[in-house]
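# Overview (structure and organization)
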Amino acid sequence: MIAVHLRYTDAPGRLELRPRHRELLEELVAEGVLLAAGPYEHGEGALLLFSADRERVQQAIDADAYMTHPGVVITAIEEWNPGIGGVRAL
């Protein structure tokens, strides 16, 4: 499982890309590549949780103009292995 942590900047134009970004995320969910995604409560960033290898995650990032926009900074891409709880890789 891979966690992608995002932080938002003040760069203009990010919000115009969000509708297509959300469509792409829904496609990744349907494909079984993305388990969950959403903003942090403070609204300054988001978390995406993938059930895929790093190569597939990078392909998803590269295909999404929102994720490569200057208004979105990827602060970390980390392998995550949940040991307790209900989140499991598909």
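If you're wondering where the values come from, they're calculated on a predicted model, not measured in any experiment. (Residues numbered from 1 in each chain as written. Predicted model: local features only at pLDDT ≥ 70, side-chain atom pairs only at ≥ 80, totals over all residues. Heavy atoms only, no water.)

### Some points on the overall build of the protein
- What the protein contains, in helices and strands, is two helices and four strands.
- In the protein, the succession of helices and strands from N to C terminus is β-α-β-β-α-β.
- The C-alpha radius of gyration computed for the protein amounts to 13 Å, which stays within 12% of the reference 12 Å derived for 90 residues, consistent with globular compactness.
- Its C-alpha atoms give the protein principal-axis dimensions of roughly 40 × 25 × 20 Å.
- Out of the 90 residues in the protein, the part that is buried amounts to 33%. (Helix = DSSP H or I, 4+ residues; strand = E, 2+ residues; numbered from the N terminus. Rg over C-alpha atoms; globule rule 2.2 N^0.38 Å. Buried < 20%, exposed > 50% of the residue type's maximum accessible area, 1.4 Å probe, protein only.)

### What to know about the layout of surface pockets
- Counted as a void, the largest pocket has a volume near 290 Å³.
- Around the largest pocket, the lining comprises 18 residues; the ones closest to its centre are His21, Arg22, Leu25, Gly38 and Pro39.
- Of all the secondary-structure elements, those providing two or more residues to the lining of the largest pocket are β1 (2–8), α1 (14–31), β2 (34–39) and β3 (45–50).
- Broken down by element, the residue count for the lining of the largest pocket peaks at seven residues, all from α1.
- Looking at side-chain class alone, the lining of the largest pocket contains twelve nonpolar, two polar and four charged residues. (1 Å grid on protein atoms, 1.4 Å probe; cavity = no way out; pocket = protein on both sides within 12 Å on 5 of 7 lines; lining within 4 Å. Points joined across faces, edges and corners; volume = space filled by probe spheres on them. Nonpolar A, V, L, I, M, F, W, Y, C, P; charged D, E, K, R; others polar.)

### Topic: the pairing of β1
- Most of β1 is tucked away: five of the seven residues are buried.
- Looking at chain direction, β1 and β3 are connected through six bridges and run antiparallel. Each bridged residue has a counterpart across the sheet, and for Ile2 the counterpart in β3 is Phe50.
- Pairing analysis gives seven bridges linking β1 to strand β4 (residues 72–79), with the strands arranged antiparallel. Directly across from His5, in β4, lies its bridge partner Ala76. (Pairing = 2+ DSSP bridges.)

### Notes on the environment of Glu26
- Relative to the assigned elements, Glu26 resides in helix α1.
- Given the relative accessible area of 56%, Glu26 is considered exposed.
- Between the alpha carbons of Glu26 and Thr9 there is a distance of 24 Å; along the sequence they are 17 residues apart.

### Re helix α2 (residues 54–62)
- Those residues of α2 that fall on the buried side of the exposure criterion are Val57, Ala60 and Ile61. Angularly, the buried residues of α2 cover 100 degrees about the axis, an arc narrow enough to put them on a single face. The exposed set on the far side of α2, more than 90 degrees from its buried face, consists of Glu55 and Asp62.
- Packed against the buried residues of α2 are β1, α1, β3 and β4. (Arc of directions from axis to C-beta. Contact = heavy atoms within 4.5 Å.)

The values are spatial; any link to function lies outside them.
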